[in-house]
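Listed below, chain by chain, are the residues.
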Amino acid sequence: MEKLLGEFSVGLFFWQTLLFIALVLLLKKFAWKPILNAVNEREQGIKDALDSAQKAKEEMANLQADNEKLLKEARAERDAMLKEARDIKNKMISDAKDEAKVEADKMVAQAQAAIESEKKAAIADLKNQVATLSLNIAEKVVKQNLATDDKQQELVKSLLEES
Amino acid sequence: MQKDRLAALFFIVFVCFGALNLWASDNKEKGNTPEDRKTEVSAYVKHHNLDTHDFGLFSYTDDQGAHHSVGFPLPVILWSDGLHVFSSSALHHGETVVASNGKFFKLDTHTYKIYETDAEGTFKYDDQHHVTNVAPLDFSITKSVFMIMVVSVLLFLIFSSLAKSYAENKSIPKGVGRFFEPIVLYIRDDIAIPNIGEEKYQKYMPYLLTVFFFIWFLNLFGLTPLGINVTGNIAVTTALAIITFLLTNLTGTKDYWKHIFDPLGHGMPWAAKIPLYIILIPIEVLGIFIKPFSLLIRLYANMQAGHIVLGSLIGLIYIFQNWIAGPLGFGLSFAISLIELLVALLQAYIFTMLSALYFGFASESHDHAVEHDGEVQHL
């Protein structure tokens with residue numbers, strides 16, 4: 001201990017204290033403050049950059065989700081429209097078919113009715129002609145003095161040929 | 001830019017060497033027995049670790065056996081009923097008496113201290129061979145003071161240029177800054193913040209950073225063969241420890257003082273506390289002083305011991321002067337040098353770390369107690 005105290009130099013202690021405090025103050029002003037500020041600033045900058053990158057990423061994801069949603073909506077709308085169009089088409093076709101059928105049926109019925117009436121008219125006409133013919137024959141037969149058989153036969157034959 | 005700096009460095013070196021003085025001490029016939037060499041080496045190692053008034057670079061013995069020391073003188077500043085300033089070259093390593101302003105001074109070659117003497121330069125000794133002459137107040141720029149100045153200038157140049165390079169390069173360090181920036185960040189992130197806390201660490205940062213690099217650089221200079229032993233000098237470590245002590249106690253919070261004078265807190269009635277405190281408070285108060293004292297002794301002892309061990313191992317070569325001791329001394333001192341390189345960093349780290357720890361005690365606030373209350377409520 002005595003040796004330690006003997007070694008203790010007041011002058012060195014004085015200079016060390018003075019120079020060291022001056023050094024701390026000088027370095028504080030010209031080195032540590034600017035260095036620590038710059039480092040803090042840089043770290044803050046990195047942090048901000050990372051944050052903004054994260055933010056951009058999130059925004060991007062949001063945008064993508066939005067796009068996806070829009071696309072989905074558009075697709076759904078398109079599907080709906082297509083379906084509607086198909087329905088309309090089908091309906092139109094079936095409507096047209098129905099209408100055509102009704103029309104055709106109507107035409108067939110009309111044709112049938114016309115045929116029936118024609119047929120009836122023809123039959124009536126034929127009946128009249130047959131009656132007239134029969135009457136004519138009968139008249140001629142009667143007119144020819146149906147004296148003999150030959151004559152009768154001849155007459156019938158000629159009449160038949162005539163008719 | 002780089003070249004300019006190099007040129008400036010060479011210029012400084014040349015100026016220093018230009019100021020070299022050559023002194024020749026008297027022709028002492030030295031014996032060459034191992035015993036003589038042992039005392040010589042012991043004296044040399046002791047001298048090497050002491051602060052001196054001149055900056056010795058090397059010494060040699062010429063063909064005639066004359067002892068020469070090469071180095072440069074430093075100013076001697078003494079106070080004894082007035083200021084006395086002269087160059088240390090006037091002392092001639094304690095061989096001549098210096099007259100200044102009507103007083104006479106001479107260097108004692110055992111302790112390397114300057115004493116007031118009469119015109120003939122006689123020393124008076126007591127029975128234990130201690131000089132009893134009056135010692136003037138010695139404010140000389142000694143070798144240690146000179147090295148403190150050199151390291152201060154070096155630190156200032158390195159770190160102010162690092163600070164400047166930030167301004168110039170958008171916060172990206174350049175050159176030596178690339179090496180020093182991680183260390184600065186390490187001190188901030190792994191020494192200051194964990195020990196002191198995120199809120200209060202900033203006001204201690206200038207001191208912690210300066211003290212770390214100051215001790216580290218001086219320790220490293222101590223490993224050069226120039227015989228620089230600044231951090232192994234008790235006056236220097238005392239000055240540093242006193243600054244830590246003052247910073248700790250001047251920035252101490254209410255909780256810090258409460259911890260010293262009322263360590264048991266609210267949990268105990270006063271009647272029970274008083275008998276305990278008769279023992280506890282003196283221990284706590286003593287602790288305030290023991291903490292920085294341990295700092296100063298640890299740094300001093302480690303650096304001083306390293307120098308003595310290294311000096312002794314190198315001295316072995318000269319004492320034995322044979323083929324075994326030579327390589328052995330070299331190998332051992334080389335190994336110890338490597339360890340000393342680590343110790344240089346380690347001691348700087350420990351001093352900074354413990355200072356930060358003490359600052360942490362001083363700036364503690366009652367947050368942790370609140371946390372405990374919260375835990376209790378949870379239970």
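Not measured: the values here are computed from a predicted model.

Conventions and cut-offs
- All residue numbers here refer to positions counted from 1 along the written sequence of the relevant chain.
- Throughout, the order in which chains and ligands are written sets their labels, letters from A for the former and numbers from 1 for the latter.
- Per-residue local features are limited, in this predicted model, to residues with pLDDT of at least 70; the limit for side-chain atom pairs, both in listing and counting, is 80 or more; totals at the level of whole chains, interfaces and linings are taken over all residues.
- Side-chain figures throughout are based on the complete set of non-hydrogen atoms in the structure, without hydrogens or water.
- Runs of E in the DSSP output that reach at least two residues are strands. Runs of H or I that reach at least four are helices, and both are numbered from the N terminus.
- All radius of gyration figures rest on C-alpha atoms, and the globule criterion is 2.2 Å times the number of residues raised to 0.38.
- Burial classification: accessible surface area is computed with a 1.4 Å probe over protein chains only, and a residue below 20% of its type maximum counts as buried, one above 50% as exposed, and the rest as partly exposed.
- Every accessible area reported is derived by Shrake-Rupley at a probe size of 1.4 Å, with residue values counting cover from the shown protein chains alone.
- When DSSP locates at least two bridges between a pair of strands, those strands are taken to pair.
- Interaxial angles span 0 to 180 degrees and are taken between N-to-C directions of axes, which are lines fitted to C-alpha atoms, for helices over the stretch in contact.
- For classification purposes, angles smaller than 35 degrees are called roughly parallel, those larger than 145 roughly antiparallel, those between 65 and 115 roughly perpendicular, and all remaining angles oblique.
- Here is the rule for handedness: rotate from the far helix to the near one, and if that takes an anticlockwise turn smaller than a right angle the crossing is left-handed, while a clockwise turn gives right-handed.
- By definition, residues are in contact when any of their heavy atoms lie within 4.5 Å.
- Amino acids are sorted into nonpolar (Ala, Val, Leu, Ile, Met, Phe, Trp, Tyr, Cys and Pro), charged (Asp, Glu, Lys and Arg) and polar (every other residue, Gly among them).
- Under the pairing criterion, centres of Phe, Tyr and Trp rings, with the six-membered ring standing for Trp, must be within 6.5 Å; the plane angle then separates stacked pairs below 30 degrees from edge-to-face pairs above 60, leaving the rest tilted.
- Here the buried area means the combined drop in accessible surface, using a 1.4 Å probe, for two parts upon being joined, counting both sides.
- The working definition used for a salt bridge is a side-chain nitrogen of Lys or Arg within 4 Å of a carboxyl oxygen of Asp or Glu.
- Buried residues of nine kinds, namely Ala, Val, Leu, Ile, Met, Phe, Trp, Tyr and Cys, make up a nonpolar core once their side-chain atoms join them within 4.5 Å.
- Patch construction takes residues with relative accessible area above 30% that form no salt bridge. Like charges are linked within 9 Å, and nonpolar side chains (Val, Leu, Ile, Met, Phe, Trp, Tyr) are linked within 5 Å.
- To estimate the expected span of a helix, subtract one from its residue number and multiply by 1.5 Å.
- Axes are fitted to the seven residues ending at a residue and to the seven starting at it; the angle between these axes is taken as the bend at that residue.

This next bit is on the overall build of chain A. Counting its regular elements, chain A contains three helices and zero strands. For chain A, the sequential pattern of α-helices and β-strands runs α-α-α. Its C-alpha atoms give chain A a radius of gyration of 64 Å, clearly above 15 Å, the size a compact globule of 163 residues would have. Across its three principal axes, chain A shows a C-alpha extent of roughly 200 × 25 × 25 Å. Looking at chain A as a whole, 13% of its 163 residues are labelled buried. Carbon together with sulfur atoms contributes 61% to the accessible area of chain A, which is approximately 13,400 Å² in total.

Let us now look at the sheet that holds strand β4 (residues 75–79) of chain B. All names here are of chain B. Spatially, three strands are ordered β5-β4-β9 in an open sheet, and the strand pairing comes out antiparallel. The open sheet has two edge strands with one neighbour each: β5 (83–87) and β9 (137–138). Bridging between β4 and β5 involves five bridges; their strand directions are antiparallel. What sits directly across from Pro75, in β5, is Ser87.

As a further point, take the sheet that holds strand β8 (residues 113–117) of chain B. All names here are of chain B. Read across the sheet, three strands follow the order β6-β7-β8 without closing on themselves; strand pairing throughout is antiparallel. Across the chains shown, the open sheet's two edge strands, defined by having one partner strand only, are β6 (98–100) and β8. When the angles between neighbouring strand axes are averaged without regard to direction, this sheet yields 35°. With three bridges joining them, β6 and strand β7 (residues 103–108) adopt antiparallel strand pairing. Considered in β7, the bridge of Val98 is made with Phe105.

Residue and element names in this part refer to chain B. Close contact between helix α2 (residues 34–49) and helix α8 (residues 270–320) brings their axes to 9 Å; oriented N to C, the two are set at 155°. Relative to α8, the element α2 lies roughly antiparallel. Considering only the axes of α2 and α8, their crossing is right-handed. Touching Pro34, Arg37, Lys38, Val41, Val45 and Asn49 of α2 are Gln304, His307, Ile308, Gly311, Ser312, Gly315, Tyr318, Ile319 and Phe320, all from α8. The residue inventory of the contact of α2 with α8, partitioned by class, reads seven nonpolar, six polar and two charged.

Geometrically, a pair of aromatic rings is defined through the distance of the ring centres and the angle of the planes. One pass over the structure, following the stated rule, counts 32 aromatic pairs over all chains. Ring centres of Phe30 of chain A and Phe156 of chain B lie 5.7 Å apart, and the angle between their planes is 80°; this geometry places the pair in the edge-to-face category. Here Phe30 of chain A is found in helix α2 (residues 10–143), whereas its partner Phe156 of chain B is found in helix α3 (residues 143–168) on a different chain. According to the relative accessible area criterion, Phe30 of chain A is partly exposed, its value standing at 39%. Ring geometry for Phe213 of chain B and Trp216 of chain B: centres 6.4 Å apart, planes at 45°, overall tilted.

Glancing now at the interface of chain B and chain A. At the interface, 50 residues of chain B touch 32 residues of chain A. Buried surface at the junction of chain B and chain A, both sides included, amounts to about 3,500 Å², of which 77% is carbon and sulfur. Linking chain B with chain A are two salt bridges. Note that Arg42 of chain A and Glu181 of chain B form a salt bridge whose closest N and O atoms lie 2.9 Å from each other.

Residues and elements named next belong to chain B. Mapped onto the elements of the fold, Thr231 is located in the loop between α5 (205–222) and α6 (234–250). Accessibility expressed as a relative area gives 2% for Thr231, which makes it buried. Discounting chain neighbours no more than four positions away, the residues touching Thr231 are Ile215, Leu218, Asn219, Thr237, Leu299, Tyr300 and Met303.

Turning to unusual backbone geometry, a few remarks are in order. The backbone of Asp81 of chain B sits at a positive phi, close to 50°, despite the residue not being glycine. Tracing the backbone shows Asp81 of chain B in the loop between β4 and β5.

Residue and element names in this part refer to chain B. Of the pairings in the sheet, the one linking strand β2 (residues 54–61) to strand β3 (residues 67–73) comprises seven bridges and is antiparallel in character. Residue pairing for β3: Phe58 is matched across the bridge by Val70. Hairpin connection of β2 to β3: five residues between the antiparallel strands, including Gly65 at a positive phi of 85°.

The next subject is the pattern of salt bridges. Evaluated as defined, the whole model comprises nine salt bridges over all chains. For Asp262 of chain B, the salt bridge is made with Lys273 of chain B, and the minimal N-O distance between the two is 3.1 Å. One end of the pair, Asp262 of chain B, is in the loop between α7 (254–261) and α8; the other, Lys273 of chain B, is in helix α8, with 11 residues separating them in the sequence. Like Asp262 of chain B, the residue Lys273 of chain B is buried in the burial classification. The network of salt bridges with shared partners includes Glu43 of chain A together with Arg188 and Asp189 of chain B.

Looking down a regular strand, the side chains alternate between one sheet face and the other. All names here are of chain B. Burial analysis of β7 places five of its six residues in the buried class, the great majority of the element. Between β6 and the antiparallel strand that follows it, β7, lie two residues; Asn101 among them carries a positive phi value of about 50°. Linking β7 to β8, which pair antiparallel, is a turn of four residues; within it Tyr112 sits at a positive phi near 55°.

Ile35 of chain A together with Phe159 and Phe213 of chain B are the most contacted members of the largest nonpolar core, which totals 74 residues. Elements represented by at least two residues in this core include exactly α2 of chain A together with β2, α3, α4 (177–196), α5, α6, α8 and α9 (325–362) of chain B. With 13 residues, the single largest contributor to this core is α2 of chain A. Those residues in contact with Phe159 of chain B that lie beyond four places of it in its chain are Leu27, Phe30, Ala31, Trp32 and Ile35 of chain A together with Phe180, Val184 and Phe213 of chain B.

This brings us to a nonpolar patch on the surface. A surface patch of nonpolar side chains, about 470 Å² in accessible area, is lined by Val10 of chain A together with Trp79, Leu83, Val85 and Leu137 of chain B. Its location among the elements puts Val85 of chain B in strand β5.

Glancing now at α8 of chain B. All names here are of chain B. Over its 51 residues, α8 runs 69 Å from end to end, which matches the ideal 75 Å to within 8%, given 1.5 Å per residue. A maximum bend of about 50° is found in α8 at Tyr277. Downstream of α8 by a residue or two, Gln321 has a phi angle that is positive, lying close to 50°.

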